[in-house]
Amino acid sequence: REREREREREMNRAGLCGGVSVARPGSHVAVVGGARTQASVVPCSFGRLGRRQVSAMSATASDEDKIIKKLKGTVVSTKMDKTAVVRVTRTVAHPKYGKRMKKTKKFYAHDEDNACNEGDVVIVEAARPSSKTKRWTLKEIVEPAVSK
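Residues numbered from 1 in each chain as written. Predicted model: local features only at pLDDT ≥ 70, side-chain atom pairs only at ≥ 80, totals over all residues. Heavy atoms only, no water.

### Side note on the nonpolar core
In summary, soluble globular proteins display a tendency toward joint burial of nonpolar side chains. Counting 11 residues, the largest nonpolar core is built from V75, A84, V86, V88, F107, A109, C116, V122, V124, W136 and L138. If you list the elements that add at least two residues to this core, you get β6 (83–93), β7 (100–110), β8 (121–126) and β9 (134–143). With 3 residues, β6 is the largest single contributor of residues to this core. Not counting chain neighbours up to four residues away, the residues in contact with W136 comprise K69, L71, F107, Y108, A109, H110, V124, E125, A126 and A127. (Core = buried A, V, L, I, M, F, W, Y, C linked by side-chain atoms within 4.5 Å. Buried < 20%, exposed > 50% of the residue type's maximum accessible area, 1.4 Å probe, protein only. Helix = DSSP H or I, 4+ residues; strand = E, 2+ residues; numbered from the N terminus. Contact = heavy atoms within 4.5 Å.)

Below, the structure is given as C-alpha cells:
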C-alpha cells in the first residue's frame, strides 16, 4: 500500500494526470493550497479516479456575442392589447418513414405599438418573459397582410 501511495504522489508531481490529483476512495474534498474546495470526480490517465477542482466562472456575453432566437410566422390574432399571436410553421421528417410534414405552433409576442394586423408575416425574437405565456417580442413586419 505504501508503494502505491508513493507512486500516486510521483504521478501527481510529474503531471501525468493532466492536473488532476489522485484521490483514494472515501475522500470527497480536495485540499488546494491549504483551503478546502469542492471537487468533482474525473478519470485519470492511468485508469484511477481523480479529483479536479471545480471553479465557477461567470459567463457574461456582450451584446454582439449573444445568440438571439428569431422566428418567422403569420399573425393569427391581435385581439389582445399589445399582444400578437404568431403561428410558426415548420416542416419535419417523420422519424421512421421520412415523409415531410408541417407542424405549427403558436407563440404570444409583445407588440408595443399594436402595429401588426391579422395575416401579416412577421419576425419575432426571444425576450425575457413579460407574462405567463409571452416570451417573444415583435421585431419587424416582413410582409403586411393583403386587405380585401
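### Section: the sheet that holds β9
Strand order in the closed barrel formed by 5 strands is β5-β6-β7-β9-β8, and the pairing between neighbours is mixed. Sheet twist, expressed as the average angle between the axes of neighbouring strands with direction ignored, equals 50 degrees. Where strand β5 (residues 70–77) meets β8, 5 bridges bridge the pair, whose relative direction is antiparallel. Bridge pairing in β8 places T74 opposite V121. (Pairing = 2+ DSSP bridges. Axes fitted to C-alpha atoms, helices over the stretch in contact; angles between N-to-C directions.)

### Quick look at the pairing of β8
Summarising burial for β8: 5 of the 6 residues are buried, a large majority. As paired elements, β8 and β9 share 6 bridges and run antiparallel to each other. Its bridge partner lying in β9, V121 is registered against E143.

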